[in-house]
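What follows is the residue order along each chain.
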Amino acid sequence: MKKQFSVDPNLCTGCRTCELACSFTHTVDGKAGRPRIYATPGGFEDLWVPVTCLQCDDAACVKSCLVDALKRNPETGAIELNEAVCVKCMACVAACPFGCALVDPEQDKVIKCDLCGGDPACARFCPTKALTYKPSELKASKIKVLG
Amino acid sequence: MVRLTINGRVVQAEKGEMLLVVMNREKISVPAICNHGAVEAFGACRLCTVEITKNDWNGWKNYVTSCLYPVEDGLIVSTHSETVINLRKTLLDLHLARHPHSEHVRQWAMEYGITQTSFEEIPDGDDCILCALCTRICDRMGFAAISTVGRGHGKEVAPPLNEPPPDCTGCLACAQCCPTEFITFSDSGTSREIWGKQFEMITCKECSKPILTKDFAETLSKTRNIPADYFEVCDECHRKATALTMGKISQWQREDTAS
Ligand code: SF4
Ligand code: SF4
Ligand code: FES
């Protein structure tokens, strides 16, 4: 069964473990990566929202990429950025309406969440289970705000 | 499927795949300066040259640019034989004579132990190695704003008639991909200049950070059907807004469960 990535802001304590897990998972040549997920204030007291890529159906990032560097992985449902193809025009960074295509200035490249190829580190390390990646009847890899 | 041997290791590949692509996949690295995943192989820099042979070639060997060589069954490849290394050294030695001021060329040469060219230096040599990555990538983006002009010694990359290129959108892909950082541009908070053309930047509605040129945004909206207002807010402010929207929904749910 396909798995679904889910975010429940009501369980998030803003501890930023997800950011750290993401960063270390994307270490290259001893340089930690820029996180693809951000625990962000949700506008109410003690309310944090881990903001990360929604792996949109009709994704603006994919549409904006003139060299087809962004493609969906049919296994995981994640939209993956092929670094070897990316020409760093920043179109996707500008186009994503959720701010989830990013520049990593240290590693000098454009990045986005790839669900770690099918085992997202953020979900694995989230201490409160605000982030989960579980088998689901629902569409693969969509973020759902859980009740 | 074909089977070939690279540096003593047997690897599998699709018939007709370029050797460099197979090597990249197998994490066997050679310098491949004029190669980029967004465009077809071009064979300009020659640095990806490797030695090939086959068991039935009776010891005969050939030297080919791996980026343009389709793999075949039984191929035996050596990426760092003495002859290949010497060949690459000669190429780098020549590059160093032609581009004595390029930090990048200096670095590539240094990796092969060359710190000083043995040829006569061209003292006013520029940093463009004529790999044409910039023009090929610009074509691939669909703009074709710049091209190589002239031939032989006078060959260079330039916009048509050496005037600000009308089709350039200021996306900077050429400068980002230039292996010697020869293509220069300047960014102020609200404007950009490249190839002698001035661009107005769209700045974030919330925090004023520059996002992309107006020309590039308009092109993307028109050709890729992306709502123009997506380009009005920077990535960070987009994340903040996303959190506030999702936060509101979560707050309702909290209040629902509380009551
Ligand atoms: S990067 Fe943005 S536009 Fe692309 S799939 Fe993720 S949320 Fe959607
Ligand atoms: S920055 Fe890279 S992935 Fe993003 S649109 Fe440009 S070429 Fe495509
Ligand atoms: S990568 Fe430049 S010739 Fe093959």
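Further up the page is the structure itself.
This write-up is about the structure you can find in this document. (Residues numbered from 1 in each chain as written. Chains lettered and ligands numbered in written order. Predicted model: local features only at pLDDT ≥ 70, side-chain atom pairs only at ≥ 80, totals over all residues. Heavy atoms only, no water.)

Quick word on the overall build of chain B
Part 1: In terms of regular secondary structure, chain B is built from seven helices and eleven strands.
Part 2: Whereas a compact globule of 259 residues would reach a radius of gyration of roughly 18 Å, chain B reaches 25 Å, over 25% beyond that.
Part 3: With the C-alpha coordinates aligned to their principal axes, the bounding extent of chain B is approximately 85 × 55 × 35 Å.
Part 4: Of all intrachain contacts in chain B linking residues separated by at least 6 positions in sequence, the fraction that spans at least 24 positions is 50%.
Part 5: For chain B, the accessible surface area stands at approximately 13,900 Å², while carbon and sulfur atoms represent 50% of it.
Part 6: For chain B, the separation between the mean place of its 27 positive charges and that of its 34 negative charges on side chains is 5 Å. (Helix = DSSP H or I, 4+ residues; strand = E, 2+ residues; numbered from the N terminus. Rg over C-alpha atoms; globule rule 2.2 N^0.38 Å. Contact = heavy atoms within 4.5 Å. Areas by Shrake-Rupley, 256 points an atom, 1.4 Å probe, with all protein chains shown as cover. Lys, Arg positive; Asp, Glu negative; His and termini not counted. Charge placed at Lys NZ, Arg CZ, Asp CG, Glu CD.)

Things to note about the pattern of salt bridges
Part 1: Counted under the stated rule, the structure contains 14 salt bridges over all chains.
Part 2: Across the pair arginine 140 of chain B and aspartate 68 of chain A runs a salt bridge whose closest N-O atoms are separated by 3.5 Å. Here arginine 140 of chain B is found in helix α4 (residues 133-140), whereas its partner aspartate 68 of chain A is found in the loop between α2 (60-64) and β4 (70-72) on a different chain.
Part 3: A relative accessible area of 40% places aspartate 68 of chain A in the partly exposed class. (Salt bridge = Lys/Arg side-chain N within 4 Å of Asp/Glu carboxyl O. Buried < 20%, exposed > 50% of the residue type's maximum accessible area, 1.4 Å probe, protein only.)

Some points on the layout of surface pockets
Empty pockets left among the atoms are what a rolling probe the size of a water molecule brings to light.
Residue and element names in this part refer to chain A.
Part 1: When its volume is computed, the second largest pocket comes out at roughly 240 Å³.
Part 2: Along its surface, the second largest pocket is lined by 13 residues, and His26, Arg36, Glu83, Lys109 and Asp114 are the ones closest to its centre.
Part 3: Where the lining of the second largest pocket is concerned, the elements lending two or more residues are β5 (79-81) and β7 (109-112).
Part 4: When residues of the lining of the second largest pocket are assigned to their parent elements, the largest contribution, four residues, is made by β7.
Part 5: In terms of residue class, the lining of the second largest pocket is made up of four nonpolar, three polar and six charged. (1 Å grid on protein atoms, 1.4 Å probe; cavity = no way out; pocket = protein on both sides within 12 Å on 5 of 7 lines; lining within 4 Å. Points joined across faces, edges and corners; volume = space filled by probe spheres on them. Nonpolar A, V, L, I, M, F, W, Y, C, P; charged D, E, K, R; others polar.)

Digging into the packing of helix α2 (residues 82-98) of chain B against helix α3 (residues 103-111) of chain B
All names here are of chain B.
Part 1: One way to put it is that α2 packs onto α3 with a least axis distance of 9 Å and a crossing angle of 155 degrees. The pairing of α2 with α3 is recorded here as roughly antiparallel in orientation. The element α2 and its partner α3 pack so that their crossing is left-handed. Residue-level inspection shows Leu92, His95 and Leu96 of α2 in contact with α3, the latter providing Val105, Arg106, Trp108 and Ala109. (Axes fitted to C-alpha atoms, helices over the stretch in contact; angles between N-to-C directions. Parallel < 35°, antiparallel > 145°, perpendicular 65-115°, else oblique. Left-handed = near helix turned anticlockwise from the far one by under 90°.)

A look at helix α1 (residues 17-25) of chain A
Part 1: Looking at α1 of chain A, one finds that the buried residues are Cys18, Glu19, Ala21, Cys22 and Ser23 of chain A.
Part 2: Where α1 of chain A is buried, its residues touch β2 (38-41), α4 (121-125) and β8 (131-135) of chain A.

Let's talk about the site of ligand 1
Part 1: Cys53, Leu54, Gln55, Cys56, Ala59, Ala60, Cys61, Ile79, Cys96, Phe98 and Lys112 of chain A make up every residue found near ligand 1.
Part 2: Across the shell around ligand 1, the residue classes break down as nine nonpolar, one polar and one charged. (Near = heavy atom within 4 Å.)

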